[in-house]
Amino acid sequence: MRPLRKFILSLLALFALIVGYFLSDLAVKMGGSPLQFSPILTLLIFCGAIVLAIFGQAVKRLRDGKTSWVQLAKAPMVALVAQASAVWSSLFIGYLLSQLILIYQLRHAGMVGSFAASTIALALASLFLLVIALLVESWCIINDGEDGSAGRKTPPGGANPASA
């Protein structure tokens, strides 16, 4: 599995920011209001980041050769969840930034203060998840070749001198 590129995550966040802004602005111009999220979502994202960090620590211990409660077969799944969390949180951060831009433009409305506070808290929780996901992904990466041979080169012809 290849590690995520920070540039791609930045492009995803920028895409979500642009699309989210124009769709939310269109909804407001048509008489609607921006999406409001429950504070429970902030708590869930924060708890999800903590759980991902716990699993990542277990995989890191397994990779370092120490005993761990995570099985070797589950380690790639932790890496996949970390990558999915990084992609999701970068998209969500972009969308939340678009909501903050929209809130700034609607600052004369009465509900903006609580809406801005909950959006900022949610963006910070999503940023925390992004950082944890990238950290866990780096713990799960094994620097080997594309053939998965744990860092050692096999001679041409596929013969392994260690097994001969």
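Residues numbered from 1 in each chain as written. Predicted model: local features only at pLDDT ≥ 70, side-chain atom pairs only at ≥ 80, totals over all residues. Heavy atoms only, no water.

Quick look at the side chain of Gln-99
Line of reasoning, step 1. Inspection of the secondary structure puts Gln-99 in helix α3 (residues 75-105).
Line of reasoning, step 2. When neighbours within four sequence positions are excluded, Gln-99 is seen to be in contact with Gly-20, Ser-24, Pro-34, Leu-35, Phe-115 and Thr-119. (Helix = DSSP H or I, 4+ residues; strand = E, 2+ residues; numbered from the N terminus. Contact = heavy atoms within 4.5 Å.)

Considerations on the packing of aromatic side chains
Aromatic ring pairs: the centre-centre distance and the angle between the two ring planes describe each pair.
Line of reasoning, step 1. Inspection of the entire model under this criterion finds six aromatic pairs.
Line of reasoning, step 2. Between Phe-46 and Phe-128, the ring centres sit 5.1 Å apart and the planes meet at 25°, which makes this aromatic pair stacked. A residue pair is termed long-range when its members are at least 10 positions apart, and Phe-46 in helix α2 (residues 39-63) and Phe-128 in helix α4 (residues 112-140) qualify at 82 residues.
Line of reasoning, step 3. For Phe-46, a relative accessible area of 39% corresponds to the partly exposed category.
Line of reasoning, step 4. Seen from their ring centres, Phe-55 and Trp-69 are 4.9 Å apart, and the 70° between their planes marks the pair as edge-to-face. Of this pair, Phe-55 sits in helix α2 while Trp-69 sits in the loop between α2 and α3, and the two are 14 residues apart along the sequence.
Line of reasoning, step 5. Classification of Phe-55 by relative accessible area gives partly exposed; the value is 33%. (Phe/Tyr/Trp six-rings, centres within 6.5 Å; stacked < 30°, edge-to-face > 60°. Buried < 20%, exposed > 50% of the residue type's maximum accessible area, 1.4 Å probe, protein only.)

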